[in-house]
Amino acid sequence: MELLQAFRFAISSETGINFDHVGLNTPFADLGIDPLMAISILEIVQHGTGLEFPASLFRDCNNISEIQETLSYCANIHGSSKIFPAAARHCPCLAKPTNRRILTERIGHSLCSPHRPLVGEIFRECDHLVGQFAAETGVDDFWTNVYPAQRQLVLAYIVEAFARLGCVLDNEPPGTALSSPSGILAKHGRLVNALIDILTDGGLVERRSGDQVVRTSKPVDSTPSALLYERLIQSRPLHAKTHGLLNITGPCLAECLTGTADPIKLLFGRSTSRDLLEEFYTNAPMSVAASKHLSTLFRRVFSEAINGNECVEILEVGAGFGGTTKFVLDMLVDARIAFRYTFTDVSPSFFKAAKNRYASLPNLAGCIEYEVLDIEKTPPEKFLGRFHAVLSTNCIHATNDLTVSSTNVRKLLRDGGFFALVEFTTRLYWLDLVFGLLEGWWLFKDGREHCIVDGSYWKASLEAAGFNNVLWSGTIVDGKLPNPQVIVACTE
Ligand SMILES: C[S@@+](CC[C@H](N)C(=O)[O-])C[C@H]1O[C@@H](n2cnc3c(N)ncnc32)[C@H](O)[C@@H]1O
């Protein structure tokens with residue numbers, strides 16, 4: 001029996017719909033086909049034709065025409081003029097996911113199946129691991145057991161800084177407009193606004209109409225920040241180095257705001273501070289949870305979608321301290337995936353350390369190139385359409401316009417390639433007290449209210465840049481979505 005008729009016959013027999021009414025383009029959902037019924041239909045077709053099909057066929061296709069397209073596609077790859085000779089036991093292209101790599105390789109190294117983007121599919125399949133990564137890295141109780149004390153510490157740093165600048169919250173009468181802390185540089189306007197948000201969230205002030213900020217009646221907790229810090233690192237040693245980073249700038253917040261201390265010098269001028277920054281991007285529990293998620297995704301995508309002999313081309317934007325790079329490179333070597341890794345940053349100052357770090361990588365595994373790349377500008381011609389994947393951790397948020405930067409990323413990708421970002425999608429106040437002192441945090445001119453935006457904002461920006469199928473994890477860990485999130489945007 002001809003294959004299409006076999007599907008129509010099986011659908012008719014399972015749904016009870018007259019054979020003539022089973023249209024080629026009628027959506028399966030309209031025919032009342034649910035996943036269980038799909039399995040029965042496949043069984044009937046398999047029995048009648050002697051062919052085997054993957055259980056995912058009904059998931060990947062919406063109607064019989066799409067099934068036909070998928071199967072013809074497969075037949076073309078076999079060089080056969082007929083769709084599946086009856087003698088064939090099963091189609092190697094469709095039988096199991098690992099064989100899709102042969103399929104995708106032959107259709108021009110696309111990372112997509114004809115009807116359903118493979119990357120998106122794998123992303124969804126990996127989602128159940130997100131909770132496991134959180135537990136392995138110890139962030140699964142962050143919101144309950146770490147965040148409240150961290151927020152209290154941030155609040156204390158702000159209260160103390162404001163007091164040093166003449167705004168002693170304890171002395172401000174409830175219901176009256178807050179006196180302005182004096183001497184703050186104009187360039188910190190957006191930061192001060194964020195500090196007011198934090199005081200508001202702490203119940204110490206209220207915003208009224210016309211941008212007026214009014215002191216509430218809530219008493220100020222007078223525990224010194226130094227004591228809160230000591231308690232926090234003792235009670236939560238796993239996060240001690242992250243809080244160590246906050247403790248570089250927090251106690252000097254007033255001086256940073258007025259310009260008597262230079263946050264760049266504080267954070268980058270000493271090796272101990274630079275080490276803490278590198279430590280945060282590389283080993284902080286929340287960074288590791290995201291890196292594990294990202295590298296698991298890459299491992300699955302490149303093991304399944306790329307032909308064994310093909311060299312995977314990956315470019316990292318804003319690779320900086322290489323916190324994520326380490327995880328991805330280790331995974332590529334471990335999975336024996338041949339690669340060319342283009343490590344880029346707007347600043348070449350990171351390259352020396354990176355070169356030393358990866359010097360011991362086994363030569364056979366692949367190669368790493370180091371290139372200056374400003375993602376706010378059109379990429380150089382040699383990069384256009386070249387990469388299977390572009391990744392970027394905690395970088396794109398620090399650019400003027402998420403859509404412009406993502407459009408430039410899109411230009412780097414070949415058809416079927418994808419963009420993977422790791423970005424905070426929920427504000428953490430301590431970030432404002434560290435990175436918020438740097439210009440990059442407030443560069444945005446694209447309508448954002450804060451440099452950190454949620455998944456839907458990323459989705460809109462990435463779609464405006466020409467990406468499809470923008471995904472992030474929906475897994476709830478300790479009451480919230482993972483933070484930072486791995487966000488994936490596909491080209492097809
Ligand atoms: C917060 S750091 C993250 C570093 C790195 N991704 C990691 O996880 O270790 C941000 C990086 O983005 C880089 N960066 C900032 N603006 C950039 C731009 N316009 N184009 C490329 N890189 C940029 C910075 O130099 C810095 O290395």
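Being a predicted model, the structure only gives us computed values, none of them experimental. Starting afresh in each chain, residues are numbered from 1 along the sequence in its written order. The predicted origin of the model limits local features to residues at a pLDDT of at least 70 and limits the giving and counting of side-chain atom pairs to 80 or more, whereas totals for whole chains, interfaces and linings rest on all residues. Just so you know, side-chain values use all the structure's heavy atoms and leave hydrogens and water out.

Attention shifts here to the overall build of the chain. Note on conventions: DSSP H or I runs of at least 4 residues are helices, E runs of at least 2 residues are strands, and numbering of each starts at the N terminus. When its secondary structure is counted, the chain shows 21 helices and 9 strands. Split into buried and exposed, the 492 residues of the chain put 52% on the buried side. Considering only intrachain contacts with a sequence separation of at least 6, the fraction spanning at least 24 residues in the chain is 72%. All accessible areas in this document rest on Shrake-Rupley with a 1.4 Å probe, and a residue is counted as covered only by the protein chains that are shown. Total accessible area on the chain is roughly 21,300 Å²; 52% of this is exposed by carbon and sulfur atoms. Exposure categories follow from relative accessible area, calculated using a 1.4 Å probe and restricted to protein chains: below 20% of the type maximum is buried, above 50% is exposed, and the middle band is partly exposed. The contact definition used throughout considers only heavy atoms, calling two residues in contact when any of these lie within 4.5 Å.

Here we take up the site of the ligand. Any residue with a heavy atom lying within 4 Å of a molecule or strand is counted as near it. Close to the ligand lie 19 residues, the nearest being Tyr281, Gly318, Asp345, Asp374 and Thr393. Pairs of N or O atoms within 3.5 Å make up the polar contacts considered here, provided that, within protein, one atom can donate a hydrogen while the other can accept it, and that residues adjacent in sequence are counted only when both atoms are side-chain atoms. Between Ile375 and the ligand, the recorded distance is 3.0 Å, taken from a backbone N or O atom to a nitrogen atom. Class assignment for the residues of the shell around the ligand results in 8 nonpolar, 8 polar and 3 charged. In this count, Pro and Cys sit with the nonpolar residues alongside Ala, Val, Leu, Ile, Met, Phe, Trp and Tyr, while Asp, Glu, Lys and Arg are called charged and the others, Gly among them, polar.

On to the environment of Leu199. Following the sequence through the fold, Leu199 ends up in helix α10 (residues 189–201). Taking the C-alpha atoms as reference points, Leu199 and Val154, 45 residues apart in sequence, are found 9.5 Å from one another. Leave out the neighbours within four places in its chain, and Leu199 touches Leu155, Ile158, Val159, Phe162, Leu204 and Val205.

Any segment with low pLDDT has predicted coordinates that should not be analysed in fine detail. Summary of the metric used: pLDDT quantifies the predictor's per-residue confidence within the range 0 to 100. Across the chain, the average pLDDT comes to 88, with 88% of residues at or above 70. Of the regions scoring below 50 in pLDDT, residues 77–110 engages in 70 contacts with residues more than four places distant in sequence or in other chains. Overall, residues 112–116 carries pLDDT values under 50, and its contacts beyond four positions in sequence, including any with other chains, amount to 18 contacts.

Nonpolar cores were defined as sets of buried Ala, Val, Leu, Ile, Met, Phe, Trp, Tyr and Cys residues, with membership established by side-chain atoms within 4.5 Å. Judged by nonpolar contacts, the single largest core of 67 residues is most densely connected at Leu245, Trp430 and Phe435. The element best represented in this core is helix α9 (residues 142–164), accounting for 13 residues. Residue ranges assigned to the domains are those given by an automatic or database domain assignment. Of the domains in this structure, domain 2 (123–136 + 286–490) and domain 3 (140–280) are the two that each give at least three residues to this core. In this view, Phe435 contacts Leu245, Leu277, Phe280, Tyr281, Trp430 and Trp441; residues no more than four positions away in its chain are not counted. Core analysis: the next-biggest nonpolar cluster, separate from the first, contains 37 residues, Ile314, Leu332, Ala389 and Cys490 among them.

Before going further, it helps to examine the pairing of strand β7 (residues 413–423). Along β7, 10 of the 11 residues are buried, which leaves the element largely enclosed by surrounding structure. DSSP calls a pair of strands paired once it identifies at least 2 bridges connecting them. Bridging between strand β6 (residues 387–393) and β7 involves 6 bridges; their strand directions are parallel. The residue of β7 that forms the bridge with Thr393 is Val422. Whether a crossover is right-handed depends on one test, that the path from the first strand over the helix to the second runs clockwise when the strands point away from the viewer. Crossover β6 to β7 through helix α19 (residues 402–412) is right-handed. Note that β7 and strand β9 (residues 485–490) share 6 bridges and pair antiparallel. When the sheet's bridge partners are listed, Leu421 is paired in β9 with Ile487.

A word on helix α12 (residues 240–249). With respect to burial, α12 is a largely interior element, 7 of its 10 residues being buried. For α12, the set of buried residues is Thr242, His243, Gly244, Leu245, Leu246, Ile248 and Thr249. Packing partners of the buried residues in α12 comprise α9, α11 (225–235), α13 (253–258), α14 (263–268), α15 (271–283) and α20 (429–434).

Taken together, the 4 bridges between strand β1 (residues 205–208) and strand β2 (residues 212–215) define a ladder with antiparallel strand orientation. For Glu206, the partnering residue across the bridge sits in β2 and is Val214. With antiparallel pairing between neighbouring strands as the criterion, β1 and β2 make up a hairpin whose turn holds 3 residues, including Gly210 at a positive phi of roughly 70°.

A word on the packing of aromatic side chains. Aromatic contacts are taken between Phe, Tyr and Trp rings whose centres are within 6.5 Å, Trp giving its six-membered ring; a plane angle under 30 degrees counts as stacked, one over 60 as edge-to-face, and the others as tilted. On inspection of all chains with the given rule, the structure shows 23 aromatic pairs. Ring plane angle 55° and centroid distance 4.8 Å describe the contact between Trp143 and Tyr147, whose orientation is recorded as tilted. On the criterion of helical spacing, the pair formed by Trp143 and Tyr147 is a turn pair, its members being 4 residues apart in helix α9. For the residue pair Trp143 and Tyr147, the accessibility class agrees, reading buried in each case. Judged by centre distance (6.1 Å) and plane angle (55°), the rings of Trp430 and Phe435 are tilted. Through pairs of rings, three or more aromatic residues link up here, namely Phe280, Tyr281, Phe321, Phe350, Trp430, Phe435 and Trp441. Two limits define a charge over a ring: the Lys NZ or Arg CZ must be within 6 Å of the ring centre, and within 35 degrees of the ring normal. In this structure, Arg190 packs its charged tip against the face of Phe444, placed 3.8 Å from the ring centre. Sitting over the ring of Phe327, Lys326 keeps its end group 5.2 Å from the ring centre.

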